[in-house]
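# Inside the fold
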Amino acid sequence: MTDIVIIGAGQAGASLAIKLRALGHEGKLTLIGEESSPPYQRPPLSKGFLLGEMELDRLYLRPLSFWEEQGVTLQIGEQVSSIERTAKTVRVGDKTIPYDQLALTMGSQPRCLPESIGGGLPGVYTVRTLADVETMKPEFHRGRHMLIVGGGYIGLEAAAVGAKLGLKVTLIEMAPRILQRVAASETSDYFRKIHTDHGVQIIENTGLARLSGDTRVTGAVLSDGSEIDVDFIVVGVGIAPLTLLAEEAGLVIENGIHTDELGRTSDPNIWAAGDCTSFPHRGGRLRLESVGHAIDQAETVAQNMLGAMVPYCAKPWFWSDQYDVKLQIAGLNTGYDRVITRKGDSESISFWYYKGDTLLAVDAMNDARAYMIGKRLIEADKSPDPAIIAELGTDLRMLLKI
Amino acid sequence: MAKITYIEFGGVEHVVDVPNGQTVMEGARDNGIPGIDAECGGACACSTCHVYVDSAWVDKLPAKEGMEEDMLDFAFEPDPVRSRLTCQVKVSELLDGLIVQMPERQI
Ligand SMILES: Cc1cc2nc3c(=O)[nH]c(=O)nc-3n(C[C@H](O)[C@H](O)[C@H](O)COP(=O)(O)OP(=O)(O)OC[C@H]3O[C@@H](n4cnc5c(N)ncnc54)[C@H](O)[C@@H]3O)c2cc1C
Ligand code: FES
C-alpha cells in the first residue's frame, strides 16, 4: 500500500486528503502544515471573520476529530524544509518522513511592501493567514484611519469591513482604476461607487512612495507627494505562488509549480494542486487563486494518484462579499473585447464579457441567476447573442435550452 | 441544540445534535456526514450544500431569501418546495427533529 504525504494543510491539501480517503485509499496519509491551526477556510478572513460576525471555530474545514477518524496524520505547526527526491523523503525539522507519492499544496504568499520604504514597520499587515488577521483585528476600532494599499478583491473587502466598523478608510491603487487586473471598467465603476457611498476614499493612479514612523507606522507619502497620517496599513497587492521548496528539489517551475493535465509535476511521484500550481488550459498555461479551483484540482489529483488518470478541466468561479453586495464571477475574462451590461431588479446587475461572439465570463452583483446561467453557458461552450443578454425582458433560463 | 437527521442518498441515516446558531450545513460538516460538499463554506455562492427537507418541515423553516432561491434553481435536480441550501438555514430549538435528505449529487 502506498504512503502518501501532502505538504500544505490548506484548502487544497485538506480536499486532497478527504478525497483520497473517500476514494478508498487505505495507506498511510500524512498532511503537514506549517500553520498552527487545522485546515481552515480563508475567504472569511477578509469578510465575516474580520468583521467579527463569524467565530473562529466556524472557519475550520473539518473539526479536529475528523482527521483522526479518517486516519489522517495531521502534523500542524511543522514546516517541510526540503524534499529529497531520490530518497523519497521530506524533511521536517530534524526528522525525515518517507513517501511513495507526494503532493504539493503549499498555496501562495502575499506580496509585501519593500523594507526599504518602511514595509517592515509594525502596523503594516498582509491578509493571508488566520494569524495575520488575529493580529490586525484589534486595530479595527471606530474612528481610526486605515490605509489600504491595493484595490483588488482583498483590499476592497478589507475596506468594506473597515467602513462598516466606522473606521476612516483610504484606499490607494497604483493602476488607473481599482480591479484593473481582474475586471472590466464597468465592474470597477460599480465597486468604486459602492465604496465611495460608504465613505471610503479611493485614490486611483497613485502609488505609495514610503511609510513614516519610528517604532510603528504613523504616516504615508504617496507617489504624488501628498502625505497622510495613518493608524495602520493593510497591504493587498497580490500573491506569489510558493514554489521555493519545489524549485530547490529541481522540479520545473513555470509561473507556479508546473503540472501536466493530470496534476503531476515533472517528477512522476510528485503531484501538486491549488494556488501554487500552473497547469495546462486551452492551449496555454494558467494559475488560479480560488477556493473552487483548489478543491477541484485537488480532487482530480486524488483520483489520479489512485490511478484514474482523468485530466483536470478548470471551471473558474469566484465570489466576493462587500457590504450588502455579493459578487459572483464565472469564467475567465482574459482577452475580452466588449462587455454587455444586463440590469436585473433594482439591486442586481451583471456584466458579460465577450471576445467576438464568444462568451468568456460573467461578473454578477446580487444576481445569482445571471451567475449560474453564465456559468453553465461558459462550461458548455455556448455563447448567446449579446443582444439577448442586454434585453431586460428575456428570461435568461431560456438560453440554456439553445 | 436540535437533533437533526441527515439521510444520505443511499438511505444511510445520521442523527446528530447541532448547536443553536450553527447552520444545518455546519452540522453535517462538523459530524463528517458525506453528501453536503459546501465548497464556498456557507457564503451562498456555490449551491453545493443542497438538501431536500422532509415535507412535514417545509413550512416550519425560516423562509428562503431571494439569493438562496436563485441559487437553488440551478442546483442538481431541485425540488421547488423541498429544496434548501443548508448553509442558509440556522439551527434553533425550533428545528429539533428536522429531517433532511441529500440529493444524488451536488453538481
Ligand atoms: C483573505 C483571503 C480571502 C479570499 N477570498 C476568496 C474568495 O472569496 N473566494 C475564493 O474563491 N477564493 C478566495 N481566496 C483564495 C483562496 O483562499 C485560495 O485560493 C485557496 O486557499 C488556495 O488553496 P491552497 O490550498 O492552494 O493554499 P492555502 O489554502 O493557502 O494552503 C496552503 C498551506 O500550505 C502551507 N505551507 C506552505 N509551505 C509549507 C511548508 N513548506 N510546509 C508546511 N506547510 C506549508 C501554508 O502555510 C498554508 O497553510 C481568498 C484568500 C485570502 C487570503
Ligand atoms: S455552502 Fe456554498 S451555497 Fe451553501
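Bear in mind that the values here come from a model prediction, so they are computed numbers and not experimental data. (Residues numbered from 1 in each chain as written. Chains lettered and ligands numbered in written order. Predicted model: local features only at pLDDT ≥ 70, side-chain atom pairs only at ≥ 80, totals over all residues. Heavy atoms only, no water.)

### As for the domain arrangement of chain A
All names here are of chain A. As assigned here, chain A comprises domain 1 (4-109 + 239-305), domain 2 (112-235) and domain 3 (324-401). Relative to domain 2, the C-alpha centre of domain 1 lies at a distance of 30 Å. The interface of domain 1 with domain 2 comprises 17 residues on the first partner and 16 residues on the second. When residues of domain 1 are sorted by the area they lose upon contact with domain 2, S46, L50 and L51 head the list and together hold 40% of the total. Seen at the junction of domain 1 and domain 2, the total is seven residue pairs in polar contact (both at pLDDT 80 or more). (Domains from an automatic or database assignment. Contact = heavy atoms within 4.5 Å. Buried area = accessible area lost by both parts, 1.4 Å probe. Polar contact = N/O pair within 3.5 Å; in protein donor to acceptor, adjacent residues only side chain to side chain.)

### Let's talk about the nonpolar core
By size, the foremost hydrophobic cluster in this structure holds 55 residues, and its most contacted members are W352 of chain A together with I4, Y6, V24, I36 and L98 of chain B. Per-element accounting of this core gives the leading share, seven residues, to helix α9 (residues 368-379) of chain A. One finds M54, V161, F351 and Y353 of chain A within the second-largest nonpolar core, a separate group that totals 48 residues. (Core = buried A, V, L, I, M, F, W, Y, C linked by side-chain atoms within 4.5 Å. Buried < 20%, exposed > 50% of the residue type's maximum accessible area, 1.4 Å probe, protein only. Helix = DSSP H or I, 4+ residues; strand = E, 2+ residues; numbered from the N terminus.)

### Here's the deal with the environment of I239 of chain A
Residue and element names in this part refer to chain A. Structurally, I239 is set in strand β17 (residues 239-241). Put simply, I239 and R128 are 111 residues apart on the chain and 9.2 Å apart in space, counted from C-alpha to C-alpha. Sequence-distant contacts of I239, defined by excluding residues within four places in its chain, comprise S108, Q109, P110, R111, R128, D275, R287 and E289.

### As for helix α5 (residues 153-164) of chain A
Residue and element names in this part refer to chain A. If you check α5, its first and last C-alpha atoms are 16 Å apart, about what twelve residues at 1.5 Å a residue would give, namely 16 Å. Along α5, ten of the twelve residues are buried, which leaves the element largely enclosed by surrounding structure. Listing the buried residues of α5 in full gives Y153, G155, L156, E157, A158, A159, A160, V161, G162 and A163. A positive backbone phi angle near 85° is found at G166, which sits one or two residues after α5. (Expected span 1.5 Å × (residues − 1).)

### So, the interface of chain B and chain A
In this assembly, 22 residues from chain B lie in contact with 24 residues from chain A. Of all residues in chain B, R29, E39 and F74 of chain B bury the most surface against chain A, accounting for 38% of the area lost on that side. Counting every contact that joins chain B to chain A gives four salt bridges. A salt bridge links E26 of chain B to R58 of chain A, with the shortest nitrogen-to-oxygen separation between them at 2.7 Å. Counting every contact that joins chain B to chain A gives eight residue pairs in polar contact (both at pLDDT 80 or more). Mapped onto the side of chain B that touches chain A, the elements with two or more residues apiece are α1 (24-30) and α2 (66-72) of chain B. (Salt bridge = Lys/Arg side-chain N within 4 Å of Asp/Glu carboxyl O.)

### Considerations on the environment of I99 of chain B
Residues and elements named next belong to chain B. Structurally, I99 can be placed in strand β5 (residues 99-101). Given the relative accessible area of 26%, I99 is considered partly exposed. In sequence terms I99 and W57 are 42 residues apart; their C-alpha atoms lie 7.6 Å from each other. Ignoring anything within four residues of it in the chain, the contact list for I99 reads T5, I7, Y52, V53, D54 and W57.

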